[in-house]
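A closer look at the structure
Chain by chain, the residues:
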Amino acid sequence: MSNVLPTIDLSFLERATGGNGDGGGANQTTINGNLTVKTPMGIEASGQGSYQSRETDYARCIGMAASGGAKPADFPAICGKPPGAGN
């Protein structure tokens, strides 16, 4: 028996856990802003950008559990089963 978990692309996590039906996920973070960077040599660059992240409650729980040191085997006890996983 192997203890190695397969690597997954985290961008698929929302779809893998079923989403929340609206395609946006329950938890959305949006950051907008302007950025200016000036190097010590006097070269300056600026731009405007945004970042948007959406995740389901289940995905948020898994992320928080993992950042708290939980192992994948602990996830069901902490977050329950993913939506759509059945009984």
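From a predicted model like this one, the values you see are computed outputs, not experimental measurements.

All right, on to the state of the cysteines then. Counted under the stated rule, the structure contains 1 disulfide. The disulfide partner of C61 is C79, and the gap between their sulfur atoms is 2.0 Å. Between C61 and C79 the sulfur-sulfur dihedral comes to about -90°; the bridge is accordingly left-handed. With C61 in helix α2 (residues 57-67) and C79 in helix α3 (residues 75-79), this residue pair connects regions lying 18 residues apart in the sequence. Taking the relative accessible area as the measure of exposure, C61 reaches 22% and is therefore partly exposed. For C79, a relative accessible area of 17% translates into the label buried.

On to the pairing of strand β1 (residues 27-38), then. Two strands pair when backbone bridges link them, and β1 and strand β2 (residues 44-55) are joined in this way by 12 bridges, in the antiparallel orientation. From the neighbouring strand, N34 faces β2, where its bridge partner is Q48. Between β1 and β2, which pair antiparallel in sequence order, lie 5 residues; one of them, G42, sits at a positive phi of approximately 95°.

A separate point is the nonpolar core. Judged by nonpolar contacts, Y58, I62, A65, A70, F75 and C79 together constitute the single largest core of 6 residues. For this core, the leading source of residues is α2, giving 3 residues. Leave out the neighbours within four places in its chain, and I62 touches F75 and C79.

Analysis parameters
- Residues numbered from 1 in each chain as written.
- Predicted model: local features only at pLDDT ≥ 70, side-chain atom pairs only at ≥ 80, totals over all residues.
- Heavy atoms only, no water.
- Disulfide = S-S within 2.5 Å.
- Helix = DSSP H or I, 4+ residues; strand = E, 2+ residues; numbered from the N terminus.
- Buried < 20%, exposed > 50% of the residue type's maximum accessible area, 1.4 Å probe, protein only.
- Pairing = 2+ DSSP bridges.
- Core = buried A, V, L, I, M, F, W, Y, C linked by side-chain atoms within 4.5 Å.
- Contact = heavy atoms within 4.5 Å.

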